[in-house]
Amino acid sequence: MRIRPAGAHALLLDCTAPADIPEAAVVEAWRAELWRRREQGDLSAVEIVPGARTVLLDGLPDPTATADLLSRWTPAVAAAATERHGIAAGAGGGDTTSGGGSGAEVVVPVEFDGPDLPVVADHWGVDVPAVLRRLTGTRFRVAFCGFAPGFPYLTGLPTDLALPRLPTPRPRVPAGSVALAGPYAGIYPSASPGGWLLVGRTDLPLFDVDVDPPARLGPGTRVRMVAM
């Protein structure tokens, strides 16, 4: 791991992974470790923000001292290799809940009627029912949020099933659309342009500024899709 300063009160962790462990699993391990350290009082940080390959710590009173602490911490990533088989690290067991939060599992009811299902099936070399079995049988985890407020990037699919984006984005993707792109699944919390492959839709609200936290599917949340 490389630790870099990011302004006067922030640090950026560049997470690297051994060949047999997905990069996303290492990021998740660091996110979980940092949240745990903050909860028990070992870390003072206003924001802990995971990304695809990094974790940003912002609002640090003493970035130099924090960097020294980080160099001595080692998060557990032993179970992370299971992500290669379509199961997010730490996805077994735990409570099922309708709310977000690290370690919780949110069940997302999906109407699998997306216009790009045949495209996904063709890329994967299977039929459409097999695509649905893969998506409902995968235990996803929110790696990070981005693109739009509350948009979750879900890991859990094997890397060899990564999909290309549309060559030309759609000008409007409806809110609740369940989509795939690259190694990720995602759900559009609001209507917006988008180039991901649409496989279904859900009525589950994902973002509400009047709720704390506003994003229902925050980093670390486990997600299971069920067919409606």
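Residues numbered from 1 in each chain as written. Predicted model: local features only at pLDDT ≥ 70, side-chain atom pairs only at ≥ 80, totals over all residues. Heavy atoms only, no water.

Quick word on the overall build of the protein chain
Then, number 1: Along its length, the protein chain carries four helices and 14 strands.
Then, number 2: Taking as baseline every contact in the protein chain between residues at least 6 positions apart, the subset at least 24 positions apart corresponds to 59%.
Then, number 3: Accessible surface, the protein chain as shown: approximately 10,800 Å² in total, 55% of it carbon and sulfur. (Helix = DSSP H or I, 4+ residues; strand = E, 2+ residues; numbered from the N terminus. Contact = heavy atoms within 4.5 Å. Areas by Shrake-Rupley, 256 points an atom, 1.4 Å probe, with all protein chains shown as cover.)

Overview of unusual backbone geometry
Phi is mostly negative for residues that are not glycine, and the peptide bonds are mostly trans.
Then, number 1: That bond from D212 to P213 is cis: its omega, 0 degrees, falls within 30 degrees of zero.
Then, number 2: Position of P213 relative to the elements: it lies in the loop between β13 (197–201) and β14 (222–227).
Then, number 3: For F147, which is not glycine, the phi dihedral falls at a positive 70 degrees.
Then, number 4: Residue classification places F147 among the exposed positions, given a relative accessible area of 53%. (Buried < 20%, exposed > 50% of the residue type's maximum accessible area, 1.4 Å probe, protein only.)

Remarks on the pairing of strand β3 (residues 47–50)
Then, number 1: Of the two faces of β3, only the one carrying I48 and P50 is buried; E47 and V49 on the other face are not.
Then, number 2: Relative to strand β4 (residues 54–58), β3 runs antiparallel, the two sharing four bridges. If you follow E47 over to β4, its bridge partner there is D58.
Then, number 3: The turn joining β3 and β4, which pair antiparallel and follow one another in sequence, is formed by three residues. (Pairing = 2+ DSSP bridges.)

Observations regarding the pattern of salt bridges
Then, number 1: Counted by the stated rule, this structure contains 12 salt bridges.
Then, number 2: The partner of R4 in a salt bridge is D14, with the nearest N and O atoms 2.9 Å apart. Of this pair, R4 sits in strand β1 (residues 2–5) while D14 sits in strand β2 (residues 10–14), placing them 10 residues apart in sequence.
Then, number 3: Under the relative-accessibility criterion, D14 is labelled buried at 16%.
Then, number 4: One salt bridge connects R31 with E28, and the closest N-O pair in it is separated by 2.8 Å. (Salt bridge = Lys/Arg side-chain N within 4 Å of Asp/Glu carboxyl O.)

Examining the nonpolar core
Then, number 1: V120, W124, L135, F140, L180 and M225 are the most contacted members of the largest nonpolar core, which has 27 residues in total.
Then, number 2: Going through the elements one at a time, β6 (105–110), α3 (117–124), α4 (128–137), β7 (140–145), β10 (177–181), β11 (184–187), β13 and β14 are the ones with two or more residues in this core.
Then, number 3: With four residues, the top contributor of residues to this core is α3.
Then, number 4: In this structure, L13, L43, A45 and L70 belong to the second largest nonpolar core, which totals 18 residues. (Core = buried A, V, L, I, M, F, W, Y, C linked by side-chain atoms within 4.5 Å.)

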